[in-house]
Amino acid sequence: MATAAENFDPLERFAEIELLVSKIYLRFSHLFFPQPKVRDFWWDMGMEEEQHASILLACRDMIENYEDEKLDHSISREKADQLKEQLTSYLRKGTPTLTVAEAFRIAVEIETSEIDAIYSKLLQLGGPKIAQTMQNLGVPASVQRQKLKAALRRFCSDEKLLAAAEQL
């Protein structure tokens, strides 16, 4: 019988995490429906996160065919579980009165989480062929962060939040 550790697939788990982020951003889109520019920004962010999930699953499928390199399935399980719980807690909250600034605060928390550190570890421990595959199929997170920063400057005036966004 396989143990939970043996069943852990890091790319599948991080695809699930990307889908949770997508759900959060799409919820923001619905909350700000009366504000078309804000609504459309969150919709685009949600769609990009769904795309990231698909990219991770495509990478997983390609990597499965590599004979000389395999992902280390023991990496990042605990941190993945923590991130999943954090994101799920955002979805559990009732958010009908969420302000634009609060939505951006949540997005900054998500985007400054340890997701990138985990991806870096996946790349490092997977080997050069796996790293190249993920880089070839992926969209740099820096592009999405720049879009988030630009939108923050456009739609939000909270000085603390704008300062935090500079750390993206």
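Residues numbered from 1 in each chain as written. Predicted model: local features only at pLDDT ≥ 70, side-chain atom pairs only at ≥ 80, totals over all residues. Heavy atoms only, no water.

## A closer look at the overall build of the protein
Of the regular secondary structure elements, the protein holds nine helices and zero strands. Of the regular secondary structure in the protein, the N- to C-terminal order runs α-α-α-α-α-α-α-α-α. For the protein, the proportion of its 168 residues judged to be buried stands at 45%. Considering only contacts in the protein between residues 6 or more positions apart, those separated by 24 or more positions represent 81%. Accessible surface, the protein: about 9200 Å² in total, of which carbon and sulfur atoms supply 53%. (Helix = DSSP H or I, 4+ residues; strand = E, 2+ residues; numbered from the N terminus. Buried < 20%, exposed > 50% of the residue type's maximum accessible area, 1.4 Å probe, protein only. Contact = heavy atoms within 4.5 Å. Areas by Shrake-Rupley, 256 points an atom, 1.4 Å probe, with all protein chains shown as cover.)

## Focus on the pattern of salt bridges
Scanning the model with the defined rule gives eight salt bridges in all. Note that Arg105 and Glu109 form a salt bridge whose closest N and O atoms lie 2.5 Å from each other. With Arg105 and Glu109 both in helix 5 (residues 100-111) and four residues apart, the pair spans about one turn of that helix. Here Arg105 falls in the partly exposed class, since its relative accessible area comes to 35%. A single network of salt bridges, built from pairs that share partners, joins Arg13, Glu16, Asp81 and Lys84. (Salt bridge = Lys/Arg side-chain N within 4 Å of Asp/Glu carboxyl O.)

## Some words on the packing of helix 2 (residues 10-31) against helix 5
Between helix 2 and helix 5, whose axes approach to 11 Å, the crossing angle comes to 165°. Put simply, helix 2 runs roughly antiparallel to helix 5. As helix 2 runs across helix 5, the sense of the crossing is left-handed. Contacts from Val21, Ile24, Tyr25 and Phe28 in helix 2 reach Ala103, Ile106, Ala107, Ile110 and Glu111 in helix 5. Each residue belonging to the contact of helix 2 with helix 5 can be placed in one class, and the counts come to eight nonpolar, no polar and one charged. (Axes fitted to C-alpha atoms, helices over the stretch in contact; angles between N-to-C directions. Parallel < 35°, antiparallel > 145°, perpendicular 65-115°, else oblique. Left-handed = near helix turned anticlockwise from the far one by under 90°. Nonpolar A, V, L, I, M, F, W, Y, C, P; charged D, E, K, R; others polar.)

## Looking at helix 4 (residues 77-92)
For helix 4, built from 16 residues, the straight-helix expectation of 22 Å at 1.5 Å per residue is met to within 8% by its first-to-last C-alpha distance of 22 Å. Listing the buried residues of helix 4 in full gives Ala80, Leu83, Leu87, Tyr90 and Leu91. Seen from one end, helix 4 has its buried residues packed into an arc of 100°, which puts them on one side. In helix 4, the exposed residues that point more than 90 degrees away from the buried face are Glu78 and Arg92. (Expected span 1.5 Å × (residues − 1). Arc of directions from axis to C-beta.)

## What to know about the nonpolar core
Residues Ile24, Tyr25, Phe28, Trp42 and Phe104 are the most contacted members of the largest nonpolar core, which totals 42 residues. Only helix 2, helix 3 (36-63), helix 4, helix 5, helix 8 (141-155) and helix 9 (159-165) provide two or more residues apiece to this core. Not counting chain neighbours up to four residues away, the residues in contact with Phe104 comprise Phe41, Trp42, Leu148, Ala151, Leu152, Phe155, Cys156 and Leu161. (Core = buried A, V, L, I, M, F, W, Y, C linked by side-chain atoms within 4.5 Å.)

As far as function goes, none of this settles anything; it's purely spatial.
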